[in-house]
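Overview (structure and organization)
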Amino acid sequence: MIFFASYSPLKLYRKIGLSRSIGLGLLSIIIISTVIGPDLVGHDPAKQDLLHARQMPNAVHLLGTDHLGRDMAARLLSGARLSLSLGILSLVTAAFLGISLGIIAAWFGTWTDRFLTSFADAILALPGLLLVLILMASAPGSWWLLYIGISLTLWVEFFRYTRQRSRIILAHPSVDASKNLGLSNYFILTRHIFPELRNGLFTISAFGIASAITAIAALGFVSVGIRPPMAEWGLMMTQLLPYWREAPFLILQPIICLVLTILSLHLSVGGFHKK
Amino acid sequence: MTLLSVKNLYVFIEDKQVDLLGPISFSLELGENLTIMGETGAGKSLIAQAILGSLPTGLKSRGDILLKGEAIDNLSPKKRAALWGDIITALPQEPWLSLDPLMRSGQQVAETHRYFKSYNWKEAKKQTEQQFKKLDLSDTAQKRPFQLSGGMAQRVAFAAATAGDAELLLADEPTKGLDSHRHDKILSLLKAIPQKGDSLLTITHDLDLAYALGGKIIILKNGKIVEEGITHTVLSSPKASYTQALCAANPSSWPPLSSCTISSKENILVQSEKLRIGRNKIAFIKGLDFCLKAGESLAISGPSGIGKTSLLDTIIGSIKPMGGTLTRAEHIGKWEIQKLYQDPPTAFPPLISLKDNFKAVTKKHKMAWDQLLQLLENVELDASILERRPSNVSGGELQRLSFIRALIAKPKILLADEPTSRLDLITQETCLNLLKKLCREENIGIILVTHNQHIAEKWAHNHIDLNQFCV
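The structure reproduced in this document is the subject of the present report. (Residues numbered from 1 in each chain as written. Chains lettered and ligands numbered in written order. Predicted model: local features only at pLDDT ≥ 70, side-chain atom pairs only at ≥ 80, totals over all residues. Heavy atoms only, no water.)

On to the overall build of chain B. A tally of helices and strands in chain B yields 15 helices and 18 strands. Each of the three principal axes of chain B carries a C-alpha extent, and together these read 70 × 50 × 45 Å. Within chain B, the proportion of its 471 residues that are buried is 51%. Here the contacts in chain B between residues at least 6 apart in sequence split such that 70% fall between residues at least 24 apart. Taken as a whole, chain B presents about 21,800 Å² of accessible surface, with 49% of it coming from carbon and sulfur. Here chain B carries 57 positive and 51 negative side-chain charges, and the mean point of each set is 6 Å from the other. (Helix = DSSP H or I, 4+ residues; strand = E, 2+ residues; numbered from the N terminus. Buried < 20%, exposed > 50% of the residue type's maximum accessible area, 1.4 Å probe, protein only. Contact = heavy atoms within 4.5 Å. Areas by Shrake-Rupley, 256 points an atom, 1.4 Å probe, with all protein chains shown as cover. Lys, Arg positive; Asp, Glu negative; His and termini not counted. Charge placed at Lys NZ, Arg CZ, Asp CG, Glu CD.)

Shown next as structure tokens:
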């Protein structure tokens, strides 16, 4: 209750500004509907009903049905679940990897730093999607390879930021003072380094999830990502593309979902530098 | 002719309608020289910012600012910025931070000539060359700022600031953090301004600088004028009690050290013989002999870059001596050599509360929290200060907090690297006296690094001038 008392919506809005309010509002709507939406819709996203294919939105099928008569709302939500969960999972993995290796590189310096930095540069030299494509080529449609591939492209950003910032922080006299006073490495990590990294990591995380979701959709669109009959936004776009003239409202739906998700993620961390 | 006149100037926080400063009134004639003095953190810089029209967001000024008889305080920000460089110019604090790090220094200055005086590039380059020759900078035109020494960088910044031939130069703390050699250099540059017929407004807490500049002076306390007049009269026979305290706090007028004897020979903490110090195989200092006993103070002085910090690092053990011997007493434990830092805000983790920091230190060194509160009381600090972050605490308070923080570790030796060079005179005196008292009570040997000859001679038991040991 204290939380609500001290942060009335108006105060919160003033504190974080217009664009972030919109972003966070949109993001919460997307997350809430992803979590509880499938139960509310009540249709099976894989159940075909060829007699009622390509229906306009109606009372039974809120967003209509696709070319195989599957409920669009159920498929979109199922796709959202897949994209968001895979995106978040890859991001957590990448963040864990990138932050720990970044701090290790900054802390130990010398050859540890050189080795890790050249490794990160080597990954950075490959276009992100290409790396995932190479992995996916060995076993198309594998969920695990998709996860590993996306995590592998995302961690570099975390690594580079963490290493760069930590090197500056560790050279600061206050760290020298803390070491001199006998304070533990844990103190330096949690009181010197993490507070300074926090805001930047938020931004990188939001952009990271966004690019993970885009990558999943892009791979689905070129049919190397998630396989049918699973519902996935990029895959849905490919499948609905032939019908764009007769039923444009169908292909527009996954596109709008993707755009709104990416937009909400980007907006929710925008303007972090402003007080 | 009156160049600048300020009447009843106030600077206030817009939201809260709280005055930070004011009323301030003064006038400055062409060719005249005015110094504004006061404590650090009292908002002296706000005066310069109000005149320039560059107050931080959230702060506003009211009152009249007249430049050549015309009111400028209600002009649009754009029109005020148009005065910069042409009529008003500002010499930045710590100029080496204000130069473009990637541009050759000659180019940076030529730019000012090109755009402010509308010369073509060829003429601008020629003007720059002449200016550099006058400032003794001829060989630096092709160098980038990181290749310049601090003094050279300062002269380059000075050249850039004055290239537009502005009639009014605002110098905000021009000597902050400078050693005496660089101090004299900047002084002679500033002195030349009124002689040229332009006006100079200096804002400083440096009494020696104010005295050397002469002209008129205004003494500020808590944002109000307490005394004003001709500099030499005001400073030699101060009337207001604050001015008297300020003059008395200048190290050159400190009373000489009352002789006291440190008897016990057994209590030698650290001793060196023919010590040779350097970094990366380049020696800075040779043949240094010194000895520090418990409860004793030792001052080390010398210009910047002579190796004072390397000497401290050698004593603390983070670099090895290149020759000679350095013996530390065996009973000195791992955490029993503590350091005090030059710039108090940089010695504390910036984004956590002081309490968080002190909790960790007291826990490590097994001191009860009540005992810490007692220590704080001894140095006249309120415990509530610990709730804040370092950036919300004044420099003097923060330096006292760092004494206390060092004392928690129960040190035997305290190394203080210019601990007061960024504080104003009165705060400096209180801090140094406190430091001396604490060290005597706790029987700590202290080594003080300073560039101020007077402090070195009058504060410490022993004084080493590193100039004599320079390689």
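One side chain can pair with another of opposite charge once the charged atoms of both are near each other. Counting across every chain of the model gives 13 salt bridges over all chains. Residue A:Arg191 pairs with B:Asp356 through a salt bridge whose shortest N-O separation is 2.9 Å. Of the two residues, A:Arg191 is situated in helix H9 (residues 185–221) and B:Asp356 in helix H11 (residues 354–364); the pairing between them involves two chains. A relative accessible area of 24% means that A:Arg191 is categorised as partly exposed. Note that B:Lys216 is salt-bridged to B:Glu32, the shortest N-O span being 3.8 Å. Separated by 184 residues along the polypeptide, B:Lys216 in strand S9 (residues 216–221) and B:Glu32 in the loop between strand S2 (18–29) and strand S3 (33–37) bring together distant segments of the chain. According to the relative accessible area criterion, B:Lys216 is partly exposed, its value standing at 24%. Several salt bridges share partner residues, and in doing so they unite A:Asp113, A:Arg163 and A:Arg167 into one network. (Salt bridge = Lys/Arg side-chain N within 4 Å of Asp/Glu carboxyl O.)

What follows is about helix H14 (residues 425–442) of chain B. Residues and elements named next belong to chain B. Counted at 1.5 Å a residue, the expected span for H14 with its 18 residues is 26 Å, and the 26 Å between its end C-alpha atoms agrees. Turning to H14, its buried residues number three or more, namely Leu425, Gln428, Cys431, Leu432, Leu434, Leu435, Lys436, Leu438 and Cys439. Looking one or two residues past H14, Asn443 carries a phi angle of roughly 60°, positive in sign. (Expected span 1.5 Å × (residues − 1).)

Once that is clear, we can look at the packing of aromatic side chains. Residue and element names in this part refer to chain A. What the rule picks out here adds up to six aromatic pairs over all chains. With a centroid separation of 5.8 Å and an interplanar angle of 70°, the aromatic rings of Trp144 and Tyr147 are classed as edge-to-face. Here Tyr147 and Trp144 lie together in helix H7 (residues 143–170), a separation of three residues that amounts to about one turn. Overall, Tyr147 belongs to the buried group, its relative accessible area being 14%. (Phe/Tyr/Trp six-rings, centres within 6.5 Å; stacked < 30°, edge-to-face > 60°.)

All names here are of chain B. If you check helix H6 (residues 180–195), its first and last C-alpha atoms are 23 Å apart, about what 16 residues at 1.5 Å a residue would give, namely 22 Å. All of the buried residues in H6 are Arg182, His183, Ile186, Leu187, Leu189, Leu190, Ile193 and Pro194. Looking down the long axis of H6, one finds its buried residues gathered within 165° of arc, a one-sided arrangement. The exposed set on the far side of H6, more than 90 degrees from its buried face, consists of His181 and Gln195. Among the residues trailing H6, Gly197 stands out with phi positive, at a value near 100°. (Arc of directions from axis to C-beta.)

This part is about the interface of chain B and chain A. Where interface size is quoted, it is often the accessible area lost as the parts come together. If you look at the interface, chain B gives 22 residues, while chain A gives 15 residues. Here chain B meets chain A over a buried area of about 1,500 Å², counting both sides, of which 61% is carbon and sulfur. The largest share of the area that chain B buries against chain A comes from B:Tyr341, B:Thr346 and B:Leu351, three residues that together contribute 28% of it. Linking chain B with chain A are two salt bridges. Mapped onto the side of chain B that touches chain A, the elements with two or more residues apiece are strand S15 (337–340), H11 and helix H13 (395–408) of chain B. Take the side of chain B that touches chain A: its biggest share by element is five residues, from H11(B). (Buried area = accessible area lost by both parts, 1.4 Å probe.)

Turning next to the packing of helix H4 (residues 72–108) of chain A against H7(A). Relative to each other, H4(A) and H7(A) sit at 35°, their axes nearing to 5 Å. The handedness of the crossing between H4(A) and H7(A) comes out as right-handed. (Axes fitted to C-alpha atoms, helices over the stretch in contact; angles between N-to-C directions. Left-handed = near helix turned anticlockwise from the far one by under 90°.)

Bringing the state of the cysteines into the picture now. Residues and elements named next belong to chain B. Under the counting rule described, the total for this entry stands at zero disulfides over all chains. Among the cysteines around Cys439, which has no disulfide bond, Cys431 carries the closest sulfur, lying 13 Å off. Taking the relative accessible area as the measure of exposure, Cys439 reaches 4% and is therefore buried. (Disulfide = S-S within 2.5 Å.)

Right, let's get into the sheet that holds strand S5 (residues 70–71) of chain B. All names here are of chain B. Pairing is antiparallel in the open sheet, where four strands are placed in the order S2-S1-S4-S5. Among the strands making up the open sheet, the edge pair consists of S2 and S5. With eight bridges joining them, strand S1 (residues 2–13) and S2 adopt antiparallel strand pairing. Considered in S2, the bridge of Ser5 is made with Ser27. Contacts from helix H1 (residues 44–52) reach S1, S2 and strand S4 (59–67) within the one sheet, and its direction differs from that of S2 by about 70°. (Pairing = 2+ DSSP bridges.)

Residues A:Leu146, A:Ile150, A:Trp155, A:Phe158, A:Ile213, A:Trp233 and A:Leu258 are the most contacted members of the largest nonpolar core, which totals 57 residues. Among the elements of the structure, helix H3 (18–41), H4, helix H5 (110–125), helix H6 (128–138), H7, H9, helix H10 (233–240) and helix H11 (248–269) of chain A are those that each provide at least two residues to this core. Not counting residues within four places of it along the chain, the set of residues in contact with A:Leu146 comprises A:Leu86, A:Val132, A:Met136, A:Ile216, A:Leu219 and A:Ile226. Counting residues in each nonpolar core, the second largest holds 48 residues, with B:Ala347, B:Met367, B:Leu398 and B:Cys439 among its members. (Core = buried A, V, L, I, M, F, W, Y, C linked by side-chain atoms within 4.5 Å.)

Turning our eyes to something else, we now look at unusual backbone geometry. All names here are of chain B. Positive phi outside glycine occurs at Asp165, with the angle close to 55°. One non-glycine residue, Lys410, lies in the positive phi region at around 45°. As for its placement among the helices and strands, Lys410 is situated in the loop between H13 and strand S16 (413–417). Residue Lys410 is classed as partly exposed on the basis of its relative accessible area of 47%.

Before going further, it helps to spend a moment on the sheet that holds strand S14 (residues 323–328) of chain B. Residues and elements named next belong to chain B. The three strands lie next to each other as S12-S11-S14, forming an open sheet whose pairing is antiparallel. The open sheet has two free edges, formed respectively by strand S12 (282–293) and S14, since each of these has just one partner strand. Across the sheet, the mean angle separating the axes of adjacent strands is 20° when strand polarity is ignored. Relative to S12, strand S11 (residues 268–279) runs antiparallel, the two being bridged by eight bridges. Across the sheet, Arg279 pairs through a bridge with Ile282, a residue of S12. Packed onto the sheet, helix H10 (residues 308–316) meets S11, S12 and S14 and runs at close to 130° relative to S11.

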